[in-house]
Amino acid sequence: GVAECRRQFHSTDECCLLKSEKCCEANKFGEKSNMFDFILPLRVARLIKSNAEFAKALEVEPIDTKSIMEACRIKEENSDKSIREKLTKFKLSSDDIEKAVSIIERHKIPLEGGARGLYLETMRLTHSCSPNTYYMGLSNGWVVVKANRYLNAGEVITICVVPNDKCNYFREKLLSEVGIRCSCPRCTDSAEFGTGFGCLLCTQCSGMLSQQKPGDDSSKWTCSGCPSTKSHSECTAILDNLDKQVSELAAKPPEEKDPAWMEQVLVERPDNWKLLPPTSQLILDMKRLLAYTYQYHPQYYFAKLDWLKKKEAHCNFWLDLMEKLAPGWSYQKVLMRYELSNAKTGLIVAMKEAGIPNTEVNAVCYEVVDVVEEPIRMMIEEEDMSMCGVLKQQKMIAIEAREEQKTRVYINRWADEDEEEW
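Residues numbered from 1 in each chain as written. Predicted model: local features only at pLDDT ≥ 70, side-chain atom pairs only at ≥ 80, totals over all residues. Heavy atoms only, no water.

Asks: Give a description of the overall build of the chain that names residues and reports values.
Replies: Regarding its fold elements, the chain presents 16 helices and ten strands. Out of the 422 residues in the chain, the part that is buried amounts to 45%. If you take every contact in the chain between residues at least 6 apart in sequence, the share linking residues at least 24 apart comes to 60%. Of the roughly 23,000 Å² of accessible surface on the chain, 52% is carried by carbon and sulfur atoms. (Helix = DSSP H or I, 4+ residues; strand = E, 2+ residues; numbered from the N terminus. Buried < 20%, exposed > 50% of the residue type's maximum accessible area, 1.4 Å probe, protein only. Contact = heavy atoms within 4.5 Å. Areas by Shrake-Rupley, 256 points an atom, 1.4 Å probe, with all protein chains shown as cover.)

Asks: Which residues make up the pattern of salt bridges, and what values go with them?
Replies: Summed over the entire model, instances satisfying the criterion amount to 14 salt bridges. Across the salt bridge formed by E381 and K146, the nearest N and O atoms sit 2.8 Å from each other. Placement of the pair is E381 in the loop between helix 15 (358–379) and helix 16 (386–414) and K146 in strand 5 (residues 143–147), with a sequence separation of 235 residues. Looking at K146, the relative accessible area reads 17%, which means it is buried. It is possible to trace a salt-bridge network through shared partners that takes in D165, D285 and R288. (Salt bridge = Lys/Arg side-chain N within 4 Å of Asp/Glu carboxyl O.)

Asks: Any details on the environment of T203? Residues and values, ideally.
Replies: Structurally, T203 is set in the loop between strand 7 (200–201) and strand 8 (208–211). Using a relative accessible area of 52% as the deciding quantity, one classes T203 as exposed. The sequence separation of T203 and L275 amounts to 72 residues, and the corresponding C-alpha distance is 7.8 Å. Within polar-contact distance, the side chain of T203 engages the side chain of Q204 at 3.3 Å. (Polar contact = N/O pair within 3.5 Å; in protein donor to acceptor, adjacent residues only side chain to side chain.)

Asks: Can you explain the packing of aromatic side chains? Please cite residues and give values.
Replies: One pass over the full model with this rule turns up five aromatic pairs. Summarising the aromatic geometry, the rings of Y300 and W307 are spaced 5.5 Å apart at their centres and angled 90° between planes, so their arrangement reads as edge-to-face. Each member of the pair Y300 and W307 is classed as buried. An aromatic cluster is built from Y294, Y300 and W307, whose rings are joined through pairwise contacts. Between K287 and the ring centre of F317, over which it is positioned, the NZ or CZ distance is 4.8 Å. (Phe/Tyr/Trp six-rings, centres within 6.5 Å; stacked < 30°, edge-to-face > 60°. Lys NZ or Arg CZ within 6 Å of the ring centre and 35° of its normal.)

Asks: Residues and numbers for helix 14 (residues 331–353), please.
Replies: Over its 23 residues, helix 14 extends 34 Å from the first C-alpha to the last, a length consistent with the 33 Å expected when each residue adds 1.5 Å. The first or second residue beyond helix 14 is G355, which carries a positive phi of 75°. (Expected span 1.5 Å × (residues − 1).)

Asks: Tell me about the nonpolar core, and name the residues and values.
Replies: For soluble globular proteins, nonpolar side chains are generally found buried alongside one another. L200, L239, W273, L276, L282, M286 and I348 are the most contacted members of the largest nonpolar core, which totals 55 residues. Looking at which element gives the most residues to this core, the answer is helix 13 (residues 305–325), with eight residues. Not counting the four nearest positions on each side in its chain, I348 is found in contact with V361, V364, C365, V368, A398 and A401. Counting 21 residues, the second largest nonpolar core, distinct from the first, contains I39, A45, L58 and M69. (Core = buried A, V, L, I, M, F, W, Y, C linked by side-chain atoms within 4.5 Å.)

Asks: Could you give an account of the environment of H127, naming the residues involved and the relevant values?
Replies: Structurally, H127 is set in strand 3 (residues 126–127). Taking the relative accessible area as the measure of exposure, H127 reaches 11% and is therefore buried. For the pair H127 and T158, spaced 31 residues apart in the sequence, the C-alpha separation amounts to 5.4 Å. Among residues more than four places away in sequence, those in contact with H127 are I159, C160, V161, L175, I180, C182 and C184. A polar contact of 3.2 Å, which involves the side chain of H127, links it to the backbone nitrogen of V161.

Asks: Can you lay out the packing of helix 11 (residues 259–268) against helix 12 (residues 281–291) for me, pointing to particular residues and giving the numbers?
Replies: Remark: helix 11 packs on helix 12, axes separated minimally by 10 Å, with the N-to-C direction vectors making an angle of 155°. Considering the angle they form, helix 11 stands roughly antiparallel to helix 12. The interaxial crossing formed by helix 11 with helix 12 has left-handed handedness. Contact residues: helix 11 offers P259, M262, E263, V265 and L266, while helix 12 offers I283, M286, K287, L289 and L290. For the contact of helix 11 with helix 12, the per-class residue count stands at eight nonpolar, no polar and two charged. (Axes fitted to C-alpha atoms, helices over the stretch in contact; angles between N-to-C directions. Parallel < 35°, antiparallel > 145°, perpendicular 65-115°, else oblique. Left-handed = near helix turned anticlockwise from the far one by under 90°. Nonpolar A, V, L, I, M, F, W, Y, C, P; charged D, E, K, R; others polar.)

Asks: Talk me through the pairing of strand 8; I want residue IDs and the actual numbers.
Replies: Two elements, strand 7 and strand 8, share two bridges in a ladder whose sense is antiparallel. Paired with L201 across the two strands is M208, which belongs to strand 8. In this structure, the hairpin formed by strand 7 and strand 8 is closed by a connection of six residues. Bridging between strand 8 and strand 9 (residues 221–223) involves three bridges; their strand directions are antiparallel. Of the residues in strand 9, the one forming a bridge with Q211 is W221. (Pairing = 2+ DSSP bridges.)

Pasting the structure below:
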């Protein structure tokens, strides 16, 4: 409430402004609103001038204020204008405001409810699109950064602030919006560790087209198998067009998607889809959409062997490819492992109904336990235990199904065929 706000040593100016704006009622703080978006830029602007340690941390890496502010104006023109109007009341110059906003955009950590956190410790971490950490925001405003795999002594701690299931081209666009020019091994490898994740198939041979100099818009795309080349604009136009199709499809609720058509696209590759290698990001995006559609679409609620096996294959493909691109734990992988376990538990039911031998059903039961084991170890320390609980439930379903199979075997083994009670 207001009393609590006034006890905070850094909130005096904010409270004064809130009073002047007549929006300092306690009941306002429980509602979602952008009226307080100016507070973080205000604090950052003051820290730059008053905190030597904070200012020194900013000197480590130059920030491209111009590109960040341009991206902010495109995305949130009205919000940006409102923030500026409020901050000018504190006699902050336009340069002060832009610098503060740029620092936030560059180093922000997303928190619950659309909030953003800024932490001196995370500002010092090196950016990588194949990071060795993941982070989680807590309800008290803290953020915890954890290793996503075993680290070697002296290894540089890295963090990723954009979705790393995007290829170089799309990640570069997202990174430019927050003023980051990443030079990690993945960003500097046009083939992305040999996966062809952001490449196109050559129409002249069996090779793949990739950007000669990643990150350079003037650099041509060259083929790995012949002298063919294409301009950057021509190749990215194809990727942008297909990405738009996937994005429009993703925006639809599960019941409005057509899994049969989506599967057909993956098999027949109409139009420009035929230019994508099997390991393309856009193919992976389509497989992910299918994984999140099966079992949620009205026509695919009830367990059937054919489409459950397709979902299982899509989940495995996604997980295998992402492990090559960004090894280690991540929340994206937890969600996909949940979908994989969901598909496998559905398969257990479908296999029993189809009369599949017990040995094969038991094998799937063991697979479910293996699939959820790792994400349970990751999620067990989370503040929100709901996902951990769901994964444990999947594990229990598989274990109970396996025990039920054992009971059936014992009964059948000792049953007397002449006695009807069996």
